[in-house]
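# Examining the three-dimensional arrangement
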Amino acid sequence: MTIITVRELHKTFGPTVAVDNVTFSVETGEIFGVLGPNGAGKTTTVECISGMLEADRGSLSVLGRHPFRGGYFLRSQVGYQMQSSTLPAQLRVGEALRLFASLYPNPASIPELLDTVGLAHRRKTAFAALSGGERQRLSIALALIGNPRIAILDELTTGLDPLGRRDIWNLVERIRRSGITVLLVSHFLDEIERLCDRLAIITMGRSIFVGTPEHLIARAAVQNPHITGLEDAYLTIVDSAASLTGTETEGAQS
Amino acid sequence: MSALATLIRTEASLLLRNPTALFMALAFPAVLLLMQGFVIPGTREAVTGVNDPLLDGLRVIDLFVPIALTAALGSVALTNFPSAIGGYREQGVLRRLGSTPVGPHRILASQLIVSSVSLVGGAFIATGAAMLLLGAHGPQSVLLVVVTFGLSAIAMLSLGSIIAARAATAQSANGIGMLVFIASLFTAGVWTPGPLMSEPLRQIAGYTPLGAASQSLSAAWYGQPFPLLQLLVLIAWTIPSAFLAYRTFRWR
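Counting restarts for each chain, with residues numbered from 1 along the sequence as it is written. To read the labels, note that chains go from A and ligands from 1, taken in the order they are written. It should be noted that, the model being predicted, local features are given only for residues of pLDDT at least 70 and side-chain atom pairs only at 80 or more, the latter also being counted only at that level, while totals for whole chains, interfaces and linings use all residues. Here the side-chain values reflect all heavy atoms present in the structure, with hydrogen atoms and water set aside.

### Some words on the interface of chain A and chain B
Contacts were defined at the residue level, with two residues in contact if any of their heavy atoms lie within 4.5 Å. Taken residue by residue, the interface counts 28 residues in chain A and 23 residues in chain B. What gets called buried area is simply the loss in accessible area from a 1.4 Å probe that two parts show on being joined, summed for both. Across the chain A/chain B interface, buried area totals approximately 2,200 Å², and carbon plus sulfur atoms make up 58% of it. Contact with chain B buries area across many residues of chain A, yet Arg75(A), Leu99(A) and Leu103(A) alone supply 23% of it, more than any other trio. Arg95(B) is the salt-bridge partner of Glu47(A), the closest N and O atoms lying 2.5 Å from each other. Any N or O atom pair separated by 3.5 Å or less is treated as a polar contact, with the protein-specific requirement of one donor-capable and one acceptor-capable atom, and with residues adjacent in sequence counted only for side-chain atom pairs. Counting every contact that joins chain A to chain B gives seven residue pairs in polar contact (both at pLDDT 80 or more). A run of H or I in DSSP counts as a helix once it spans at least four residues, and a run of E counts as a strand once it spans at least two, with each numbered from the N terminus. Among the elements of the structure, helix 2 (71-77), strand 5 (78-81), helix 3 (93-101) and helix 5 (132-144) of chain A are those that each provide at least two residues to the side of chain A that touches chain B. The greatest single-element share of the side of chain A that touches chain B, amounting to four residues, is contributed by helix 3 of chain A. The nonpolar class holds Ala, Val, Leu, Ile, Met, Phe, Trp, Tyr, Cys and Pro. Asp, Glu, Lys and Arg form the charged class, and all remaining residues, Gly among them, are polar. Here the side of chain A that touches chain B is built from residues that sort into 17 nonpolar, six polar and five charged. By convention in these notes, a salt bridge is any Lys or Arg side-chain nitrogen within 4 Å of a carboxyl oxygen on Asp or Glu.

### Considering the pattern of salt bridges
Residues and elements named next belong to chain A. Within the structure shown, the criterion is met by 14 salt bridges over all chains. For arginine 206, the salt bridge is made with aspartate 20, and the minimal N-O distance between the two is 3.2 Å. Of this pair, arginine 206 sits in strand 9 (residues 206-211) while aspartate 20 sits in strand 2 (residues 16-27); the two residues are 186 residues apart in sequence, bridging distant segments of the chain. The closest approach of N and O atoms between glutamate 173 and arginine 194, which form a salt bridge, is 3.2 Å. Of this pair, glutamate 173 sits in helix 6 (residues 162-177) while arginine 194 sits in helix 7 (residues 189-195), and the two are 21 residues apart along the sequence.

### Topic: the sheet that holds strand 8 (residues 198-203) of chain A
Residues and elements named next belong to chain A. In this description, strands pair whenever DSSP reports at least two bridges between them. With mixed pairing, six strands are arranged side by side in an open sheet as 5-6-7-3-8-9. Only two strands of the sheet have a single neighbouring strand rather than two, namely strand 5 and strand 9. Taken pair by pair, the neighbouring strands of this sheet meet at an average axis angle of 15°, ignoring direction. Bridge count for strand 5 against strand 6 (residues 150-154) is four bridges, and the pairing is parallel. Across the sheet, residue glycine 79 finds its bridge partner in strand 6, namely alanine 151. With respect to the sheet, helix 8 (residues 213-223) is in contact with strand 8 and strand 9, its orientation differing from that of strand 9 by roughly 110°. Here, axes are lines fitted to C-alpha atoms. For helices the fit covers the stretch in contact, and angles between N-to-C directions go from 0 to 180 degrees. Against the sheet, helix 9 (residues 230-239) engages strand 3 (31-35), strand 8 and strand 9, with an angle of about 40° to strand 8.

### A closer look at helix 1 (residues 42-50) of chain A
Residues and elements named next belong to chain A. Burial of helix 1 is extensive: nine of the nine residues sit out of reach of the surface. Here helix 1 has its buried residues at Lys42, Thr43, Thr44, Thr45, Val46, Glu47, Cys48, Ile49 and Ser50. One or two positions beyond helix 1, positive phi appears at glycine 51, with a value near 90°. Each residue is placed in one exposure class: buried if its accessible area under a 1.4 Å probe, protein chains only, is under 20% of its type's maximum, exposed if it is over 50%, and partly exposed if it falls in between.

### Quick look at the environment of Leu235(A)
Following the sequence through the fold, Leu235(A) ends up in helix 9. Note: C-alpha distance between Leu235(A) and Leu35(A) (200 residues apart in sequence) is 11 Å.

### Focus on unusual backbone geometry
The backbone of Asn147(A) sits at a positive phi, close to 55°, despite the residue not being glycine. Its relative accessible area of 38% is what places Asn147(A) among the partly exposed residues.

### Thoughts on a positive patch on the surface
A cluster of like positive charges, contributed by Arg92(A), Arg98(A), Arg123(A), Lys124(A) and Arg9(B), occupies part of the molecular surface. The topology assignment puts Arg9(B) in helix 1 (residues 3-16). With a relative accessible area of 45%, Arg9(B) lands in the partly exposed category. Within the patch definition used here, like charges are joined within 9 Å and nonpolar side chains (Val, Leu, Ile, Met, Phe, Trp, Tyr) within 5 Å, considering only residues with over 30% relative accessible area and no salt bridge. Per-residue and other accessible areas follow the Shrake-Rupley method at a 1.4 Å probe size, with only the shown protein chains counted as cover for residues. Charged residues are defined narrowly, with Lys and Arg counted positive, Asp and Glu counted negative, and His plus the chain ends left uncounted. Where a charge lies is defined by one atom per residue type, namely NZ (Lys), CZ (Arg), CG (Asp) and CD (Glu).

### Some details on the nonpolar core
Residue and element names in this part refer to chain A. As used here, the term nonpolar core means buried Ala, Val, Leu, Ile, Met, Phe, Trp, Tyr and Cys residues forming a set that is joined through side-chain atoms within 4.5 Å. Membership of the largest hydrophobic core comes to 116 residues, with the highest contact counts inside it found for Leu97, Leu138, Ile201 and Leu216. Leucine 216 has contacts with Leu199, Ile201, Phe209, Leu230, Ala233, Tyr234 and Ile237, leaving out every residue within four places of it along the chain. By size, the runner-up hydrophobic cluster in this structure holds 32 residues, among which are Val6, Val19, Leu53 and Leu60.

### Regarding the packing of aromatic side chains
Think of it this way: a Phe, Tyr or Trp ring, Trp meaning its six-membered ring, pairs with another when their centres are within 6.5 Å, and the plane angle makes it stacked under 30 degrees, edge-to-face over 60, tilted otherwise. Within the structure shown, the criterion is met by three aromatic pairs over all chains. Here Phe24(A) and Phe32(A) contribute two aromatic rings whose centre-to-centre distance is 5.0 Å and whose plane-to-plane angle is 20°, an arrangement assigned as stacked. Over a ring means this: the NZ of a Lys or the CZ of an Arg is within 6 Å of the ring centre and within 35 degrees of the ring normal. Of note, Arg89(B) hangs over the ring of Phe249(B), and the distance from its end group to the ring centre comes to 5.0 Å.

### Quick look at a nonpolar patch on the surface
Residues and elements named next belong to chain B. Nonpolar side chains collect at one region of the surface, where Phe23, Val31, Met35, Phe38, Val39, Ile40, Leu132 and Leu133 lie side by side and expose about 800 Å² of accessible area between them. For the nonpolar patch, the elements supplying multiple residues, two or more each, are helix 2 (19-38) and helix 5 (105-133). No other element matches helix 2, which puts four residues into the nonpolar patch. Tracing the chain through its elements places methionine 35 in helix 2.

### Side note on the packing of helix 5 of chain B against helix 6 (residues 142-166) of chain B
Residue and element names in this part refer to chain B. Closest axis-to-axis distance for the helix 5/helix 6 pair is 11 Å, and the angle between their directions is 130°. Regarding the angle of helix 5 to helix 6, the classification is oblique. Relative to helix 6, helix 5 is oriented so that their crossing is right-handed. Contacts from Leu112, Ser115, Ser116, Leu119, Val120 and Ala123 of helix 5 reach helix 6 at Phe149, Ala153 and Leu157. Each residue belonging to the contact of helix 5 with helix 6 can be placed in one class, and the counts come to seven nonpolar, two polar and no charged. Should an angle fall under 35 degrees it is taken as roughly parallel, and over 145 as roughly antiparallel, whereas 65 to 115 is taken as roughly perpendicular and any remaining angle as oblique. The sense of a crossing depends on the near helix, which, turned anticlockwise from the far helix by less than a right angle, makes the crossing left-handed and, turned clockwise, makes it right-handed.

### Remarks on the confidence of the model for chain B
For every residue, the predictor assigns a confidence score, pLDDT, that lies between 0 and 100. Here chain B shows a mean pLDDT of 88. Residues at 70 or above account for 95%. Mean pLDDT across the secondary structure elements of chain B bottoms out at helix 4 (residues 93-97) of chain B, with 85, and peaks at helix 6 of chain B, with 94.

### Some details on the sheet that holds strand 1 (residues 2-13) of chain A
Residues and elements named next belong to chain A. An order of 2-1-4 is seen for the three strands of this open sheet, with the pairing classed as antiparallel. In this open sheet, the two strands that pair with only one neighbour each are strand 2 and strand 4 (57-62). Taking the axes of each pair of neighbouring strands and ignoring which way they run, one obtains an average angle of 15° across the sheet. As defined by bridge partners, strand 1 adjoins strand 4 across five bridges and the pair is classed as antiparallel. Within strand 4, the position partnered with threonine 5 by the bridge is serine 61.

Structure (structure tokens):
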């Protein structure tokens, strides 16, 4: 069952075209990756999906509703871990969770959530004293505090060491097992390969591929038969993006 | 606990953990008053050269008490409040709250409430210090002091809201706020108390927000005629300031 539909999305900021024709859909229960280089329009796309930005053109549907007009219902069903947001330095982990729990109609249990993200022992620690990985885990916890059906996780392992990234990956897999649909924004191919059932590649504001990682490799192998890995496939597809005029879909490839 | 109550509690906790903001909100007006009373020569001597029978028998430091209350208003409304909101914008907290069901407006409400409580606290501490340590007189009309203080607080918070609406970071909000605050202290009479200012300067100061606040509070404190003009000036600053802050506010 489709839970998010994005069709021909277009968004500008003054003269800058941030998103120029992005199309994909996300199925219930999957981890869907949004992959692309820095400045490709990934965050703008998910901000439109979360209802924080209103698209200029195109159609969007999240849980059957328009995200920008979905109001209270959608905001209580979509948890958003933002790429760049932090918290006041002196705010403690437990306080942050209590604060955000008060904003939702049906919040998760704070002790259970702290256990899930591995921060039970840091409940009284100020945000400023957390490590990078712990901050990301808290950020994920805040995205999950409202018991959402969809979790949007934006660049959640940027700046983390390999061990920290692996911990976060395990956490994302646990989130999926709990029945939450995950929209994962990343520019790390190993992350996408490890976690995502399907992905969309966005570059220069356009979606140039939507499908499974295996499908991406097969798609790139049409252009270069020596390609066997996701990284080479991704680079091949992105490099040839200028010559593509529209979204390559699974249907179009099969 | 409701979202607003939790936000207020969190904001209050954060204020208590921020020594600079706490000092500016609660201690600065009292410290300013005590320094004027104990450090600056001649401030505990009788006022001379002022042709106002209502001020007969008062000392210079007595004239500073309502001015210290005005300083309490300015320090919170022009520095603490905009810095907190600028910091939330810088950290993405406003944006983050924008993705929740209740939206980010309540954090502004909670910050305004905590700021208002802290400036009332600062005013009480300053008044208490003045009466206990400097032997200052209490207000002639408590009701009028409460009304003028309330109107002054609304006017100054509206002015501070303009800075809060636009400042990209806590540091820039604090810098702009401090600049406005220091300049406002002059019109409030911190360097020369209102009754001792030259008449033209006093009249000009009366049209500035902190000057009008100071003059109306002084009038209420010493039982001078009802400060209608100053209260109208405060209202005249409040409405456009609040409107401008509302229209130019940016969440990110």
